[in-house]
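Residue strings, one per chain:
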Amino acid sequence: MSDKIPGTASRSWLWRWRRNQLRRHGDVVEAWIVLAVWALALVGGALVGWAAAGAVDQTFAGRRAGVHAVSAELTESATEGPLVGSGYDVGKSWVTVRWTAADGSMHTGRAKVLPTATAGSRLQVWADRSERLVTAPPSTAESTFSAVMAGVLVTQLTATAVWGAGWLLRHRLFQQRLADWEAEWQRVGPQWRNLSGGKG
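Residues numbered from 1 in each chain as written. Predicted model: local features only at pLDDT ≥ 70, side-chain atom pairs only at ≥ 80, totals over all residues. Heavy atoms only, no water.

Some remarks on a nonpolar patch on the surface
A cluster of nonpolar side chains, namely W38, L42, V43 and L47, defines an oily patch on the protein surface of about 480 Å² accessible area. With respect to the element layout, V43 can be found in helix α1 (residues 25–65). (Patch = residues over 30% accessible without salt bridge, like charges linked within 9 Å, V, L, I, M, F, W, Y side chains within 5 Å. Areas by Shrake-Rupley, 256 points an atom, 1.4 Å probe, with all protein chains shown as cover. Salt bridge = Lys/Arg side-chain N within 4 Å of Asp/Glu carboxyl O. Helix = DSSP H or I, 4+ residues; strand = E, 2+ residues; numbered from the N terminus.)

Side note on the sheet that holds strand β5 (residues 133–134)
Taken in spatial order, the five strands make up an open sheet running β3-β2-β1-β4-β5, and their pairing is antiparallel. In this open sheet, the two strands that pair with only one neighbour each are β3 (106–113) and β5. Relative to strand β4 (residues 122–128), strand β1 (residues 67–74) runs antiparallel, the two being bridged by seven bridges. Across the sheet, residue H68 finds its bridge partner in β4, namely A127. (Pairing = 2+ DSSP bridges.)

Side note on the pairing of strand β2 (residues 93–100)
Put simply, side chains in a regular strand alternate between the two faces of the sheet. Residues of β2 alternate between two faces, with S93, V95, V97 and W99 buried on one and W94, T96, R98 and T100 left unburied on the opposite face. Across two bridges, β1 lies against β2 in antiparallel orientation. If you follow L74 over to β2, its bridge partner there is V97. Hairpin connection, β2 to β3: the antiparallel pair is bridged by five residues, and G104 has positive phi, about 90°. (Buried < 20%, exposed > 50% of the residue type's maximum accessible area, 1.4 Å probe, protein only.)

Description of the environment of L114
Mapped onto the fold, L114 is located in the loop between β3 and β4. Taking the relative accessible area as the measure of exposure, L114 reaches 52% and is therefore exposed. On a C-alpha basis, the gap between L114 and S93 in space is 6.5 Å, while along the polypeptide they are 21 residues apart. Not counting chain neighbours up to four residues away, the residues in contact with L114 comprise A78 and K92. (Contact = heavy atoms within 4.5 Å.)

Section: the pattern of salt bridges
In total, this model carries six salt bridges according to the counting rule given. In this structure, E73 engages R122 in a salt bridge whose closest nitrogen and oxygen atoms are separated by 3.9 Å. Here R122 lies in strand β4 and E73 lies in strand β1, a separation of 49 residues in the sequence. With a relative accessible area of 51%, R122 lands in the exposed category. In this structure, the salt-bridge partner of D89 is K92, at a minimum N-O distance of 3.6 Å. By relative accessible area, D89 is classed as partly exposed at 22%. In this structure K92 comes out as partly exposed when scored by relative accessible area, which is 25%.

Thoughts on the nonpolar core
One finds V70, A72, L74, A78, V95, V97, W99, A111, V113, A117, V125 and A127 forming the largest nonpolar core, which totals 12 residues. Elements with a contribution of two residues or more to this core: β1, β2, β3 and β4. (Core = buried A, V, L, I, M, F, W, Y, C linked by side-chain atoms within 4.5 Å.)

A few points about the side chain of S93
Residue placement: S93 occurs in strand β2. A residue is classified by how much of its surface remains accessible, and S93, at 2% relative accessible area, is buried. Here A78 takes part through its backbone oxygen, which lies 3.1 Å from a polar atom of the side chain of S93. In this view, S93 contacts A78, G81, P82, L83, V84, A111, K112 and V113; residues no more than four positions away in its chain are not counted. (Polar contact = N/O pair within 3.5 Å; in protein donor to acceptor, adjacent residues only side chain to side chain.)

Some details on the side chain of D128
Tracing the sequence through the fold places D128 in strand β4. Residue classification places D128 among the buried positions, given a relative accessible area of 12%. Within the local environment of D128, its side chain forms a polar contact with the backbone nitrogen of S130, the two atoms lying 2.9 Å apart. If we ignore the near neighbours within four places in the chain, the residues touching D128 are G66, V67, H68 and V134.

Treat this as a map of the structure, not an account of what it does.
This is how it looks when you write it as structure tokens:
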């Protein structure tokens, strides 16, 4: 039959918070450090991650707000333009396209098209407020995914940084505790050896 008091083991992790003769000031400090680290890692990490996700989402929203889609006409065939030499669009060609802005003015620019594109065909391109061609902005789904991933990453980095700082503090306390024990043993050791007949 076990002689353990029910519930004692489950509350053993709270020993630093309970008054007892073995508890030292450093134990209380360490308990507060552990509590602060957990709170900052969970709550602080989540708040920082949420802020980072919001910032990324706002950036993409601003990017989408600053451009608009236009229907442009190819003025030459893809075979007449130079090939794209790098990036995800290798194999496409640079061609001149033209489009009419909302104010009725005509504009031209260079766009990437498939090798089969012919002069006179139309494609959708993106222009900024100055009617200069720009790359397509990320879709709402892409923006949401990027924002979520940024939030998760920043949350993890923040929690890791807080945990690392807490570990360094606890390690410093542990080193201080060892030094205190050593100093105390230097004081008590000779007395103990005298009481034990020099065998301690």
